[in-house]
Amino acid sequence: MNIGVLGAGQLGRMLALAGYPLANRFTFLDTTGHPSAGIGDVMVYTDQHHLADFLAKVDLVTYEFEHLPVALVQAIEEVRPVYPSSEAIRVCQNRAEEKALFDRLGIPTPAYRLVESAEELEAAARELGAPVVAKSVTEGYDGKGQAVLRDPADAADAWRAIGHPRLIVEAFVDFVREVSIIAVRGRDGEVVFYPMAENQHVDGILRYSLAPMPDLDDSVQQTADDYIRALLDELDYVGVLTLELFQGADGSLLANEMAPRVHNSGHWTMDGAVTSQFENHLRAIQGLPLGDTAARMPTCMVNVIGQEGDPAAILAIADAHLHRYDKSERTGRKLGHVNLVANSHGELLSKVRTCAALLPESPEPRFSFE
Ligand code: AMP
């Protein structure tokens, strides 16, 4: 099976690494002009001619990046099966569509308003009560295109700074932790769920993901499973879906956003779960049985951002697994990640601190259960 992947970054690279044992081949179609997968057959999309070549090579198509022209994905769908469908992309690239879907399915979210001017932004901040978070409805990710308004009077500055014609304004959530749930749906509708992860972001960029959480109530995992199942079934989804949520002090969950793909907060599964998110995505889209999602041991993923640090010293940590993306160093760029596996959460946290000390500029690891 030759699998076509739209996008050619590190997520595509890791999909390919998981697919070779299944005898899959990979052809990537890059639409950014900066492919970094460094594996498989990479084509840079510039015209219809390249698209025709790509389609001639592949049996089915998936994607590792959702900021793609929906019309392109719909055109591909006419010729080859695309999993997940273009409908998932259409919804996930627009925060207003995403929130409307959450509302329709009864998945709670922070209170929000849609605004189209600085005046409307100010009014929304007053109505919701500052602080609020304003986000561009499209094109934002990793904290880009966002601003926090401490006061409604900040509206004009925030409007200018974001520079987008349509914003979503959300009440600022006083969460205990940020969490995510990753689930996989097969072509036959079977759904499996990974244990939820606790995620630490700094400046909107994920730095640490830990799973399973030592203090997670079964009922909270069940609630997250129910929310993501509703999304998967509604979208008749095939593949891996990620839902990011805020957890409150009483255990309640509010949905933040979703991603129609394998996700950074699921990288821990490569070494910490029986079947990785990458392998399970490939199983799902090929109509194969889904693999066990259980965690083997407490695991923490540490992102390597901006600078590589000391890879040899990182590898000297017991049960540390370094995954490098073969990219050049640049401020804020995701260059790799380390999965640390331990017998207990106490031991895990000490490994995380050792690892963080080997990575320049890595923030202090902080987890809600410490
Ligand atoms: P997003 O791009 O929506 O995932 O936002 C990036 C990060 O900003 C999140 O991971 C949170 O740390 C923070 N954030 C986003 N929305 C809110 C909110 N409504 N309340 C508090 N923090 C938020």
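Residues numbered from 1 in each chain as written. Predicted model: local features only at pLDDT ≥ 70, side-chain atom pairs only at ≥ 80, totals over all residues. Heavy atoms only, no water.

**Student:** Help me out: how do you make sense of the overall build of the protein chain in this one?
**Tutor:** Within the protein chain, the regular secondary structure consists of 12 helices and 17 strands. Here the protein chain has a C-alpha radius of gyration of 20 Å; the compact-globule value for 370 residues is 21 Å, and the two agree. Considered along the principal axes of its C-alpha atoms, the protein chain spans approximately 55 × 50 × 40 Å. Residue burial in the protein chain is summarised as follows: out of 370 residues, 57% are buried. Here the analysis covers contacts within the protein chain between residues at least 6 apart in sequence; of these, 63% occur between residues at least 24 apart. (Helix = DSSP H or I, 4+ residues; strand = E, 2+ residues; numbered from the N terminus. Rg over C-alpha atoms; globule rule 2.2 N^0.38 Å. Buried < 20%, exposed > 50% of the residue type's maximum accessible area, 1.4 Å probe, protein only. Contact = heavy atoms within 4.5 Å.)

**Student:** Can you walk me through the environment of Ser85 in this structure?
**Tutor:** Here Ser85 lies in the loop between α3 (70–77) and α4 (86–92). Not counting the four nearest positions on each side in its chain, Ser85 is found in contact with Tyr63, Glu77 and Leu235.

**Student:** Would you take a moment to explain the packing of helix α6 (residues 118–128) against helix α7 (residues 155–162) for this structure?
**Tutor:** Helix-helix packing is described using two parameters, namely the angle between the two axes and the distance between the axes. One can describe the packing of α6 onto α7 by two numbers: an axis separation of 8 Å at closest approach and a directional angle of 125°. By the angle class used here, α6 and α7 are oblique. Two packed elements cross with a definite hand, and for α6 against α7 that hand is right-handed. Contacts between α6 and α7 pair Ala118, Leu121 and Glu122 from the former with Ala155, Ala156, Ala158 and Trp159 from the latter. In terms of residue class, the contact of α6 with α7 is made up of six nonpolar, no polar and one charged. (Axes fitted to C-alpha atoms, helices over the stretch in contact; angles between N-to-C directions. Parallel < 35°, antiparallel > 145°, perpendicular 65-115°, else oblique. Left-handed = near helix turned anticlockwise from the far one by under 90°. Nonpolar A, V, L, I, M, F, W, Y, C, P; charged D, E, K, R; others polar.)

**Student:** What exactly am I supposed to notice about the pattern of salt bridges here?
**Tutor:** Close approach of charged atoms allows side chains with opposite charge to pair. All told, the structure shown has 20 salt bridges when counted by the stated rule. One salt bridge in this structure joins Glu87 and Arg90, with 3.0 Å as the shortest N-O distance. Of this pair, Glu87 and Arg90 both sit in helix α4, three residues apart, roughly one helical turn. Between Arg166 and Glu116 there is a salt bridge, with the nearest N and O atoms lying 3.0 Å from each other. Taken together, the residues span a long stretch of sequence, with Arg166 in the loop between α7 and β8 (167–171) and Glu116 in the loop between β5 (112–115) and α6 at a distance of 50 residues. Accessibility expressed as a relative area gives 31% for Arg166, which makes it partly exposed. (Salt bridge = Lys/Arg side-chain N within 4 Å of Asp/Glu carboxyl O.)

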